Amino acid sequence: MAALAVGLIVRLVQLQVLRADVYREEARKVLLRPIRTLPCVRGRILDRAGNVPAEDLPCWDVCVPYGILAGAPDYLAVLAEQLKASEPGTPGRVGPADLEQLRSRISAMWPAIAQATGVGLDELAERREQIVQRVRRIKAVVRQKQGIDRRIAEERFSYPMVRGLSHGAMVEARIALSAFPWVEIAAGMKRRYAPEVCLAHVLGRLENVDPDDVSPQGLTDELRGVSGVERLAEERLHGRRGSVSEDIEGRETAPPVDPADGEDVRLTIITPLQKWIYQRLGSAIAEYPQCTGASAVVIDVASREVLAAVSFPGYDPNAGWATRRALLADRRMLPLRSRAFGEAYPPGSIVKPLVLAGALTDRTIAPETPIECRGRLFAEVVNAFRCTAAHGPMTARAAIAHSCNVYFFTVGEMVGVSRLRYWFDLAGFGRPAGTGLREEVAGRLPERTNKGDARNAAIGQGELAVTPLQAGNLMATIASGRFRPVTILRDDPRARPALPLGVAEADWAVVRGGLYAVVNEPGGTAYGHVVPPPEPWVLLGKTGSAEGWPRELDRVYTCEWPDGRREEFIATDAAELRRRLADRGPFTIVGRRTNRRWPPEGQEPETHGWFAGYLIDRDDFAHPGREPRRAVAFAVILEYAGHGGTVAGPVAGEIARMILNYWPEKE
Ligand SMILES: [Zn+2]
């Protein structure tokens, strides 16, 4: 009985040893043969003329197997065995000393990669962490769904730690990294952007797939569009890479997958115009010490295609990780911000024509009803509801031409906030302008409804905020009488119906007459500051000097730990603070106040200078009832630069004349 039991135990032990051998053999075959991927080519981004500001070029990537990145014990064991077998001398069993030696070789690999490629150790560490996190998350999802802890394909990949080596750099890296035979230098694709700083915000960029995103699309080592058109058109641009999955003897372990290239997409942007505007904005802001940035947009009225969407400052679209960190830290100029569609400003007086169109349509006021301007709304209140001058009796057209605040305070109060909201909404405020870009912000409609808020909303102050793209589209809406969402893609398949605002032609004529007078008649707020375009073009527009709030550069946060300890830290936002204090345990933010602002404490901010308008063919201008055939709208803003007429007006006039060099396009 006892002998039998002993025999059984021996048998069981033998079985386990045997099976352990089988497992190790299997692990050796699979683990040491990473799944090979076949790169696909991401689609190109073309501009309106067919130039290629973004394309994939072949390159070389330095890849490290997942087992090394994660320090997986089973992987390290088979790798140590493999390395020992390849060394001269008698291969024995792998012991703790061999594993220790392998670990120190791996530690030496990171500085070697950094030195061979010029990529920093901190960047490599971040990249490695990202991949390990993501694979662990996917594994956890699989475990939850299938109830078993199994090896997933992601654990068999080698992941690019450094991408985009040229052929020469690849040869050097191969030599420098030859002491680390598990490092693979594989063929890959590199996104190359034309070095146009003016296009960076529009093009956007690619980033490694987010570690939190465990959807089956997007493999862990792939790049994906995270901003701009790269993200907007991700589905079309992406393509699908192929793979070959073999064991160490070269036997297929899964059917091969052929790669499929991505599609090209074409922008509506005219790059030379975009570039010219960028440079012009740059030279303009250099004249104003408080100015922190600028933006301009140009929109074809009939198609609502965006011909230019400029944000100043820009940056090199090829900027790497370290440069981006530095750009992110510039809280005053905010170079990474897509001002053209990602920043909302108080619009100031550029909304007056819309307010007037609404008030005339609602019969709240008649075009010829005069409102007396004595320089301020209330004789007894000196410092509120002021005008730029004592304009005397103002009728609708003159009130636009002179941008009379008292006229619009009065009209705003008569119309009321809820009806103003209705008109703002019809013109597309309070929601993205329609490109579909993730950076697009909605801006803000006024919420508070008392009389003072109505007066402020009617002159584009208070809660109301719009993007330059919304401001430009407002002018396209006024030019045609119809609202239509804009697009930045030449072959945008979405329906973008044009919706009439329901303003009578006679009322539009009053509004447009005012916009004509702004530029072309003595007394107009831009008259003399804007050089009109040559015949047959007519330029109409509206200036705006919008009171902005100072920009908060950073804050002092008061943090409290569970034991009651409190400390103060300076940070740009709570997320940055939490990142920095990640290793200090959980804490609560119990206080925050502005640390630094722009302009500095004690200095009042200058107004944002706006000009929004449109160019129209004189023949179209003379036939206002029909949809204009040749009209182009635009908007310009210079942050904290001062008065719209004197500051933005001259730039706007030059942009208008420059537009005519590129538009309308010759057939
Ligand atoms: Zn006035």
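Please read these numbers as outputs of a predicted model, since none were measured by experiment.

Thresholds applied
Residues numbered from 1 in each chain as written. Predicted model: local features only at pLDDT ≥ 70, side-chain atom pairs only at ≥ 80, totals over all residues. Helix = DSSP H or I, 4+ residues; strand = E, 2+ residues; numbered from the N terminus. Buried ≥ 20, exposed ≤ 12 C-beta atoms within 10 Å, placed from the backbone. Contact = placed C-beta atoms within 7 Å. Domains from an automatic or database assignment. Pairing = 2+ DSSP bridges. Axes fitted to C-alpha atoms, helices over the stretch in contact; angles between N-to-C directions. Core = buried A, V, L, I, M, F, W, Y, C linked by C-beta atoms within 7 Å. Parallel < 35°, antiparallel > 145°, perpendicular 65-115°, else oblique. Left-handed = near helix turned anticlockwise from the far one by under 90°. Nonpolar A, V, L, I, M, F, W, Y, C, P; charged D, E, K, R; others polar.

What about the overall build of the protein?
Step number 1: Assigned secondary structure in the protein consists of 22 helices and 22 strands.
Step number 2: Taken over the C-alpha atoms alone, the protein extends approximately 115 × 70 × 50 Å along its principal axes.
Step number 3: Out of the 667 residues belonging to the protein, those deemed buried represent 42%.
Step number 4: In the protein, of all internal contacts separated by at least 6 residues, the share reaching a separation of at least 24 is 74%.

A few points about the domain arrangement of the protein
Step number 1: Examined at the domain level, the protein breaks down into domain 1 (44-266), domain 2 (271-549 + 604-662) and domain 3 (555-598).
Step number 2: Using only C-alpha atoms to locate each centre, domain 1 and domain 3 end up separated by 36 Å.

Focus on the sheet that holds strand β11 (residues 294-300)
Step number 1: Spatial strand order, β12-β11-β22-β21-β17: 5 strands in an open sheet with antiparallel pairing. The strands lining the two open edges of the sheet, one partner per strand, are β12 (306-312) and β17 (537-546). The average undirected angle you get between the axes of adjacent strands in this sheet is 10 degrees.
Step number 2: Relative to strand β22 (residues 631-638), strand β21 (residues 608-617) is paired through 8 bridges, and the arrangement is antiparallel.

Focus on the sheet that holds strand β9 (residues 252-257)
Step number 1: The strand order across the open sheet formed by 3 strands is β1-β8-β9, and the pairing between neighbours is antiparallel. Of all the strands in the sheet, the pair left with one neighbour each is β1 (36-38) and β9. When the angles between neighbouring strand axes are averaged without regard to direction, this sheet yields 20 degrees.
Step number 2: Relative to β9, strand β8 (residues 242-246) runs antiparallel, the two being bridged by 3 bridges. If you follow S243 over to β9, its bridge partner there is V257.

Focus: the nonpolar core
Across soluble globular proteins, you tend to see nonpolar side chains buried next to one another.
Step number 1: Counting residues in each nonpolar core, the largest one holds 129 residues, and the members touching the most others are V297, I299, A308, A309, Y614 and F634.
Step number 2: Per-domain counts for this core show at least three residues from each of domain 1 (44-266) and domain 2 (271-549 + 604-662).

Quick look at the environment of G528
Step number 1: Topologically, G528 is positioned in the loop between α19 (505-520) and β17.
Step number 2: The partly exposed category is assigned to G528, around which 14 C-beta atoms lie within 10 Å.
Step number 3: A sequence separation of 293 residues divides G528 from E235, and the C-alpha atoms of the two residues are 49 Å apart.

Describing the pairing of strand β19 (residues 566-571)
Step number 1: In terms of strand pairing, strand β18 (residues 551-560) meets β19 through 6 bridges, oriented antiparallel. Of the residues in β19, the one forming a bridge with V556 is I570.

Section: the packing of helix α13 (residues 352-361) against helix α15 (residues 405-415)
Step number 1: Two elements in contact, α13 and α15, have axes whose closest approach is 11 Å; the angle formed by their N-to-C orientations is 45 degrees. Our classification of the angle between α13 and α15 gives oblique. Relative to α15, α13 is oriented so that their crossing is left-handed. Together, K352, V355, G358 and A359 of α13 and F408, V411, G412 and V415 of α15 make up the contact between the two elements.
Step number 2: Among the residues making up the contact of α13 with α15, the classes are represented as 5 nonpolar, 2 polar and 1 charged.

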